[in-house]
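Residue strings, one per chain:
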Amino acid sequence: VQDSGLFYDMKETLRPAVQLAAHSRFRKAPKDVEAYRSELFTALSSQLNSVLINKFTSNTAVDSELFPTPADSFAKDFEMYGMRAEEAAAAGRMDIAMSRHEDRVALGEKASKTGDAFGLQMLSDAWDAMAKFCLVSNLPGARDRALECVKKAAEVGPLSLELQLLNALAQLDFGMYDLAEASFKAALGVAEGIAFLPLQRSKKAIIYAGMCVLNDAIDELEKKTYDADKESLRQRGLPMVTFPKRDLSRCIKAKESLKGAAASVDGAPDRRAGLVAMLSVAEIMLDLNLPVAAKRALDLAAKCEALAAKKEQERELEATNVASVYGLRSRLDACLALVTEGAVAALPFAAEAARLDGTGRNYEVLGQANSQGEAVDAYEKSLEAFRDDAPLRIYLKLALLLIEQQTEEALSRAKEVSLTASKKFGSAMAWRLAGITLGELGNKVEAEAVFQESLRINSFDPLTWANLALLTLDGEGRIEDSVASAKQSILHDLDDAFLLRQLGSKLYGRGELPLAELMLRRSLVLNAAGATKKMLGDVLRASKKPDEAVAFFLEVMEDPAFNFEEKCELFKVLVSIYGERGGGKGKELADFKRKYADYSNNTLR
């Protein structure tokens, strides 16, 4: 090892860690020298173990148990990628959220290679989260990818009960009934072993309810096949007596599964245990974007409720207070409508859910189904109902909606919501939204500081760099700082057409023509808006590129988004450019005037 230089290389790799540890721990003489020495040894051992694994993975003589494993050193970045995925999903950027989940999996794979159980758990958790996200993302091919994530998680270790249930429900929704049945049985086997825990009893109820949906689906399929065969036999004139009776075993299994689900539900209203179980599994199905299975579960829930209500009427029993259950049912109907029909169809169900039971989740769905102003009110009520348990997505969505309103009152409230979220969750996106609101309210110094805080958490966010550049371009500060921020946004793949156009406009105003041109061209790739073409034409003209400027201006002349007066002004600009170019362009100018004679006459008048 010494002759090959590997030992020296290993020492050099460790040098920064040693220097950092010594500098941070021993600037002053510690009171407890032995404790600090032990802490330093532990830290260096962890770093040494990491180096050994990277450089000697093929050397079986390395005993990884001699040193503490460094798997926990990945934990901070692992959680950070999870938050970035949640931020991107809240902003509707599912492609970016998918990339962050992929980063999380890659980090989990690195941690798992340490051989530490914690590292393996990180990788399993990463596959679990990615499987769930694939189902809800609606990205091309993502649903099939979800099942692949489950397979990858199984290679790491035994599947968790939640992931087994996800696998079974996804297979049920996809019509893979044989695989779904095997997955439900595997999940039930795990749940049976831990059913003495109250939380796990609810999981058992959900599994039984899922099996009920599965058996009902198979029974319906068998019935259709049986009826088709029977009809074929009748049409051919064959004797019907010989036709066997239909096998009702699946129907019987569905009823048994429903009984098992009802028996595992705790705290349900009288005669509503089966209903609660079916609604619980439907809720999970909708959370995982499995509408086919969810529709069947909701239909079965309706049958359970009809049967319970009938029994109460027949036996003259006092009606049970089921407002919370009906609120859940209405919310699930709204969620299903959002997926299958749209917000208009979902709104009545969402409003009814909030009226019956004002939970944070019910108000959140009402916000999803509502238009701008009403959505803000719904998310405000959702935040209030969740109290301290409000998830990050509620804060972010509310802040985004308030910023869209662009009133001083809405911006002030958006600032308050964003700052609360940033301090509570440490979210870079929340800091960015706070910076945007502060800038809109005229607090530019404070806004710049907030943007810097966002970049401290996530220095790779192009949106924060872009907003920081816009903020500083508006002021009288050094143009070099603004240009540097704008370039960082490009380096980190800014793909927001509107922000790119704004940057192009501001940079053009400050005389940074090459960078302004770059911004506007990138904006056009994302969205070929006429306003961007017009602005790019202005930049190209100022950059002494008249031929390219004319090409974009001519496209604008054909754009119906521009009114007559605007095109008359542009006509003057084009005539001026043709005149400036000269040199054999007279025929081109004449053809142009002939084609756009209406604008020429108006201009002359």
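Residues numbered from 1 in each chain as written. Predicted model: local features only at pLDDT ≥ 70, side-chain atom pairs only at ≥ 80, totals over all residues. Heavy atoms only, no water.

A.B. asks: So what's going on with the pattern of salt bridges? Which residues, and what values?
C.D. replies: Counted according to the given criterion, the structure contains 35 salt bridges. Asp299 is the salt-bridge partner of Lys295, the closest N and O atoms lying 2.9 Å from each other. Here Lys295 pairs with Asp299, and both are found in helix α12 (residues 291–314), just four residues apart, close to one helical turn. Looking at Lys295, the relative accessible area reads 41%, which means it is partly exposed. Take Asp299: its relative accessible area is 35%, and that puts it in the partly exposed class. With a closest N to O distance of 2.9 Å, Glu517 and Lys545 form a salt bridge. Of this pair, Glu517 sits in helix α24 (residues 513–526) while Lys545 sits in the loop between α25 (530–542) and α26 (546–557), and the two are 28 residues apart along the sequence. (Salt bridge = Lys/Arg side-chain N within 4 Å of Asp/Glu carboxyl O. Helix = DSSP H or I, 4+ residues; strand = E, 2+ residues; numbered from the N terminus. Buried < 20%, exposed > 50% of the residue type's maximum accessible area, 1.4 Å probe, protein only.)

A.B. asks: Now, about the nonpolar core: what can you tell me, with residues and values included?
C.D. replies: With 84 residues, the main nonpolar core has Phe184, Ile207, Met278 and Met285 as its most contacted residues. Look past the residues within four positions of Met285 in its chain and what remains in contact with it is Leu169, Leu172, Val213, Leu290, Ala293, Ala294 and Ala297. Core analysis: the second largest hydrophobic core is formed by 40 residues, Ile479, Leu513, Met557 and Phe571 among them. (Core = buried A, V, L, I, M, F, W, Y, C linked by side-chain atoms within 4.5 Å. Contact = heavy atoms within 4.5 Å.)

A.B. asks: A description of the packing of helix α19 (residues 428–440) against helix α21 (residues 462–474) should follow, citing residues and the corresponding values.
C.D. replies: For the pair α19 and α21, the least separation of the axes is 10 Å and the interaxial angle reads 15°. Accordingly, the angle class assigned to the pair α19 and α21 is roughly parallel. Considering only the axes of α19 and α21, their crossing is left-handed. Residues Arg432, Ile436 and Gly439 of α19 touch α21, and the partners they reach there are Leu463, Thr464, Asn467 and Leu471. Here the contact of α19 with α21 is built from residues that sort into three nonpolar, three polar and one charged. (Axes fitted to C-alpha atoms, helices over the stretch in contact; angles between N-to-C directions. Parallel < 35°, antiparallel > 145°, perpendicular 65-115°, else oblique. Left-handed = near helix turned anticlockwise from the far one by under 90°. Nonpolar A, V, L, I, M, F, W, Y, C, P; charged D, E, K, R; others polar.)

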